[in-house]
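Chains, contacts and geometry: an overview
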Amino acid sequence: MSPKTNKSLKNTFKQTKGQASSDIEGKELSWSSVRAFFGDRRLKKAFGLLFILLSVYLLLAFVSYLFSWKADDSILDGHSLNWALLRDPDIEVGNMMGRAGAMLAHLFIKQWFGVPSFLFLLILFVTGFRMLSGFSILPLGKTITYSVFFIIWISVFLGFVIPEGDLLILGGIFGYESSIWLNGLLGAIGTAFLLLFTMGTFIILVFNPSLKPSAAFPGGLFTRKNRDHSSMEGEDKWGVEDTAENDDSENTADEGDPKPETHNESEVLTEELELDPASSPGEDNDTDNEDEPKWEIELPEPGGKVSGSDYQEIDDPYAGNGDDIPDLSHLGKYDPTLDLPDFRLPDLSLLDDRGSGTIQINKQELEENKNRILETLRNYSIEIDRIKATVGPTVTLYEIVPAPGIRISKIKNLENDIALSLSALGIRIIAPIPGRGTIGIEVPNSKPEIVSMKSILSSDAFINSRYDLPIGLGKTIANETFIADLTKMPHLLMAGATGQGKSVGLNAILTSILYKKHPAHVKFILVDPKKVELNLFSKIERHYLAKLPDAEEAIVTETKQVIRTINSLCVEMDNRYDLLKDAQARNTKEYNAKFTARRLNPNHGHRYLPYIILIIDEFADLIMTAGKEIELPIARLAQLARAVGIHLVIATQRPSVNIITGTIKANFPARIAFRVTSKVDSRTILDSGGADQLVGRGDMLLSTGSDLLRLQCAFIDTPEIERLTDFIGSQRAYPDAFHLPEYFEDETSAGESSDPGERDELFDEAARIVVATQQGSTSLIQRKLKLGYNRAGRIIDQLEAAGIVGPFEGSKAREVKIKDEISLEQILRRED
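The structure contained in this document is the topic of the report that follows. (Residues numbered from 1 in each chain as written. Predicted model: local features only at pLDDT ≥ 70, side-chain atom pairs only at ≥ 80, totals over all residues. Heavy atoms only, no water.)

A tally of helices and strands in the protein yields 29 helices and 20 strands. Taken across its 832 residues, the protein has 50% of its residues classed as buried. Long-range contacts, defined as pairs at least 24 residues apart, comprise 69% of the intrachain contacts of the protein with a sequence gap of at least 6. When the accessible surface of the protein is totalled, it reaches about 40000 Å², and 55% of it is carbon and sulfur. (Helix = DSSP H or I, 4+ residues; strand = E, 2+ residues; numbered from the N terminus. Buried < 20%, exposed > 50% of the residue type's maximum accessible area, 1.4 Å probe, protein only. Contact = heavy atoms within 4.5 Å. Areas by Shrake-Rupley, 256 points an atom, 1.4 Å probe, with all protein chains shown as cover.)

This is the structure in structure tokens:
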């Protein structure tokens, strides 16, 4: 299914001195129109169709010329320039494509390059197909280069070996004359050497053969080296051939084609709209202005890819410890997906289309907002040199360039005044926009567009993404698809008020990975205290989920089970670090590369390590019920797990200090904030304001450190998730879910605390105070006995071990299980 093309519609206003605020500059209208005409995608498709039909026409003309060339040449040679043939209706030719076909075939085949001229048709067809469809059946750059070389070389070669006569059309007059000139310059033998040298150089540059004898040809025949290992690996892993090398040579031929790691929607077709006050409100005047700066919103490109040939240079991890690894190179690379060889990734037809997928511009609304902004600023004596509008699915970004001498803080302080004049909710001022030299004013659209999950997954940015764990979060203000790599984050914190889109955001992350990764490559641990949000994914338990060996359900909902699962994940993390240490690898990617190359021995415990993603919904509820039993293992995972392929996605309403400590929060540089109710909550999530000015319903801010991006989250509904999980669940699965290591709770501390000989001296007195007041509180013991917090805490732990008070319950006081002092005295005497 071909991705839909979405457009980023930008509207440019410009106000000059002596011009009314409603006037719009039109100096560049004619030049923009010319560029828009030649850069229009529709015109490119028309030329593509023309090239394809022209190649077919010339093919028929060339083939017909091979049978009628003798009769046609007598006519064609009688005209000095041959063009008179087109104007004379009395001339009849034998070519089936008429006088024009006969003239062109005569020109290409006899006058120029002979039979190799058929390669011109290949160039025309490949170029036309790329312009028409947007992708290539053959690499365009290499096709042109190789074809031109063979046209010239074969023409000269045929002219060299075939004397003048009836066979002259094989090499053409160009080949014949060139061979005569070379024979006179170098001699016949020198010309032959030159032809051999050029062909040999071509073979070396293209195929890079090796003169070393191979195992299959010990006699020393030419053997080709491992052919572009990185491309072959990319083809196996991603299902498409790696054509990054070809794109460099093709960019100039077709600038509108999608590029693998570009996060623009179908090479976002940017169009400049010059707003005319006289035009009607619904009329669009589309022009293309490639010089207009774009607001870059994509994440940095991941670091350089490690090719397969690089893996061969890594030292053998067992070379120094005496372990012998058998040579298994004859078996080829290990493929973890062969356990489920027939597994098919979900189809886009399972998802629903929502919205039009394109921006509907309301010129009247843009004009009115522009005039109100300028009027408000003018009321405070703030002059503006230029204003530009970029329309997005939910909000429109108005970029203004203030006149020299205007302080940015003066405009920033007018946020409420601008919101009042526009009568809009969610006005946000970005002063200044980083790297743009402008001030941004984000104004919500009166009719926001829904961003469907299908439009994100069908975009070129997602389909061509080479990220390890790509997640499609939504679209930017410029209507560009935003794809991020979870492995580069490496953990994600999501927060926002109830009903603003956190659960939909989690579903979007899960769906993105399910559409991209095989079950052998990734596993999920889903923690859902609400028991209803992630329950739909239980159908894919044996494909994608991980759980404890004794767990009945893969979706973890009970607090005690959550504690055991997260601690088990810590054990898995430690085990993975031991494997990486033995393999002398620094991260999971290097380790798996060695394992798939069969350089690690499974008999020594080595195994393929899939990515494990821990997703927790309503994290605050877990902290309130389990406290440090959850906090400590989460802190360990946040600090250490990234290198071993374990990543965390945590959602909560308000990540305050008592919910997410500074240690945990420091390891979540990537944070998503949906709408919140106060600036304090926004600063708690993002360390800056802005989240309180969002409009809700999936409107969010993504912080990746210093950058703050506004996105419209992709929407996926419950019926779509049901169809998706039904499709995956109906396929052949593993015998059981991915099993985490068993975790056994440490009973040592409880045993020591319950030993009467090691109890605190004030244990009995503290027990009497707790039973008398019926409050199991550490602070109560501190006040009554005048103790420090640490000692009072140890006494509370001893009271819990003795069965006098209950377990920790978050902010609530512990339950006192002994209701009267008589029962307490009996327990104390019995234990003494």
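From this point, things continue past the structure.
Their axes nearest at 10 Å, the elements helix α18 (residues 559–583) and helix α19 (residues 588–596) cross at an angle of 60°. In this view, α18 runs oblique relative to α19, as classed from their interaxial angle. For the crossing formed where α18 meets α19, the hand is left-handed. Of α19, the residues touching α18 (which contributes L579, L580 and A583) are T588, Y591 and K594. Taken together, the residues of the contact of α18 with α19 break down into 4 nonpolar, 1 polar and 1 charged. (Axes fitted to C-alpha atoms, helices over the stretch in contact; angles between N-to-C directions. Parallel < 35°, antiparallel > 145°, perpendicular 65-115°, else oblique. Left-handed = near helix turned anticlockwise from the far one by under 90°. Nonpolar A, V, L, I, M, F, W, Y, C, P; charged D, E, K, R; others polar.)

So, on to the side chain of E720. Note on placement: E720 falls in helix α24 (residues 718–729). For E720, a relative accessible area of 0% gives the class buried. In terms of polar contacts, E720 uses its side chain to reach the backbone amide nitrogen of D352, at 3.0 Å. Setting aside its immediate chain neighbours within four residues, E720 contacts L350, L351, D352, R354 and F715. (Polar contact = N/O pair within 3.5 Å; in protein donor to acceptor, adjacent residues only side chain to side chain.)

Counted under the stated rule, the structure contains 26 salt bridges. A salt bridge links E572 to R607; its shortest N-O distance comes to 3.1 Å. One end of the pair, E572, is in helix α18; the other, R607, is in the loop between α19 and β15 (611–616), and 35 residues separate them in sequence. Using a relative accessible area of 3% as the deciding quantity, one classes E572 as buried. (Salt bridge = Lys/Arg side-chain N within 4 Å of Asp/Glu carboxyl O.)

Here we come to the sheet that holds strand β10 (residues 470–476). Read from one edge to the other, the open sheet built from 9 strands follows the order β11-β10-β19-β18-β17-β12-β16-β15-β13, with strand pairing classed as mixed. The open sheet terminates on both sides in strands that have one partner only, identified here as β11 (481–485) and β13 (522–527). The average undirected angle you get between the axes of adjacent strands in this sheet is 30°. As judged from the 5 bridges shared by β15 and strand β16 (residues 646–652), these two strands associate in the parallel manner. Among the inter-strand pairings, L614 is bridged to a residue of β16, identified as L648. Strand contacts of α18: β13, β15 and β16, with the helix running at about 155° to β15, the strand carrying the most contacts. (Pairing = 2+ DSSP bridges.)

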